[in-house]
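Report on the structure
Residues per chain are reported as follows:
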Amino acid sequence: MRRGTFRDDTVDYAAVGATHAPDLMQYPPERSIPAENSWRIGSGEERFQTAGESLLTWTAQRAAGLTVEDVRPAPGPAYAGVSFDAEGTPIAPSKNEVEQRFDAEGTPFAGPGMTLRLRGRVANMSADAELRVISVTEEKRRVGLVLGTVGGSVVRGEELFDIEWREDNDEVWFTVRAFDAPNSVLYRTIPALLKRRRRELFARYLRAISPMYATPV
């Protein structure tokens, strides 16, 4: 099991880790719009392993039409830091170092404290932003990743991506949970556009991770 979280003051929002809270939809951070959706993407260990590795190698972002650039590991030794239980309660930090892994293209797997640059367009607006990996979860039946905005985006906030292999029925589920607060004048003026942006992102992520859709090379 590996669960790691990196927390510092470089992100541009206050509620770091809030996407771990199960009641996010009822109690979102102030001035933000929450969103959540879950999809069954198959069943069995192989489907879970494949989806989990795709998640940690940035497939959700790349296959959603976004360019992943300048992926930088956290400074200093890798570590497993503060993490969260199923109720969003912090767990004591671990001292164990985490070995860095790389995909076939030499890009590091997601790790806590890592930063990256995303470039692209969503809902006809720029999606360029610097992001920080807030937490990574790797367990026997759960793989997860949380990204938080550092700056440069039309919104500020956090996204949680979760792959769960359910023990009771062998099903594999993909969940995305997020909250967005507008930075751009347009999104502040017309909140419905912010909700449209999030719906489009969710649809892209599903196409990226689900075997029901062809994933672009």
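Refer to the structure printed above.
Counting starts from 1 at the beginning of each chain's written sequence and moves along it residue by residue. The predicted origin of the model limits local features to residues at a pLDDT of at least 70 and limits the giving and counting of side-chain atom pairs to 80 or more, whereas totals for whole chains, interfaces and linings rest on all residues. Hydrogens and waters are ignored; side-chain quantities use all the structure's heavy atoms.

On to the overall build of the protein chain. Secondary structure elements are taken from DSSP: a helix is a run of H or I of four residues or more, a strand is a run of E of two residues or more, and numbering for both begins at the N terminus. When you go through the protein chain residue by residue, the secondary structure sums to four helices and twelve strands. For every residue, the accessible area (1.4 Å probe, protein chains only) is compared with the maximum for its type, and the residue is labelled buried under 20%, exposed over 50%, or partly exposed between those bounds. Scored against the burial criterion, the 217 residues of the protein chain give a buried share of 53%. Of the contacts made within the protein chain by residues no fewer than 6 positions apart, 65% connect residues no fewer than 24 positions apart. On the protein chain, roughly 10700 Å² of surface is accessible, and the fraction owed to carbon and sulfur atoms is 49%. We call two residues contacting when some pair of their heavy atoms lies within 4.5 Å. The Shrake-Rupley method, run with a 1.4 Å probe sphere, supplies the accessible areas, and residue values consider only the shown protein chains as cover.

This paragraph deals with the pattern of salt bridges. Each salt bridge in this description consists of a side-chain nitrogen of Lys or Arg and a carboxyl oxygen of Asp or Glu lying within 4 Å of one another. All chains considered together, the criterion is met by 13 salt bridges. With its nearest N and O atoms 2.7 Å apart, the salt bridge here joins E69 to R119. Within this pair, whereas E69 is found in strand β3 (residues 67-72), its partner R119 is found in strand β6 (residues 115-119), the two being separated by 50 residues in sequence. Within the structure, one salt-bridge network assembled from shared partners comprises R142, D162, E164 and R166.

This brings us to the environment of R196. Within the element layout of this structure, R196 appears in helix α4 (residues 191-209). We classify R196 as partly exposed; its relative accessible area is 38%. Residues R196 and A123, 73 residues apart in the sequence, show an inter-C-alpha distance of 7.1 Å. Residue contacts for R196: discarding those within four places in its chain leaves A123 and N124.

Further remarks concern the side chain of E158. Tracing the sequence through the fold places E158 in strand β11 (residues 155-165). There is a polar contact of 2.8 Å between the side chain of E158 and the backbone nitrogen of G17. Among the polar contacts listed, one links the side chain of E158 to the backbone nitrogen of A18, at a separation of 3.2 Å. We call two N or O atoms a polar contact when they sit within 3.5 Å, provided that within protein one can donate a hydrogen and the other can accept it, with sequence-adjacent residues counted only if both atoms are side-chain atoms.

A word on the nonpolar core. The criterion is simple. A nonpolar core is a set of buried Ala, Val, Leu, Ile, Met, Phe, Trp, Tyr and Cys residues joined through side-chain atoms within 4.5 Å. Among the nonpolar cores identified, the biggest contains 39 residues, and I41, W58, L116, L145, I163, F174 and Y205 are the most heavily contacted of them. The element best represented in this core is α4, accounting for five residues. Of all hydrophobic cores here, the second largest spans ten residues; its members include V11, V146, V150 and L160.

This part covers α4. Over its 19 residues, α4 runs 28 Å from end to end, which matches the ideal 27 Å to within 8%, given 1.5 Å per residue. Those residues of α4 lying buried are L194, R197, R198, L201, F202, R204, Y205, L206, A208 and I209. For a helix, the expected span equals 1.5 Å multiplied by the number of residues minus one.

All right, on to the side chain of S135 then. Tracing the sequence through the fold places S135 in strand β9 (residues 129-138). Looking at S135, its side chain comes within polar contact range of the side chain of H20, at 3.0 Å.

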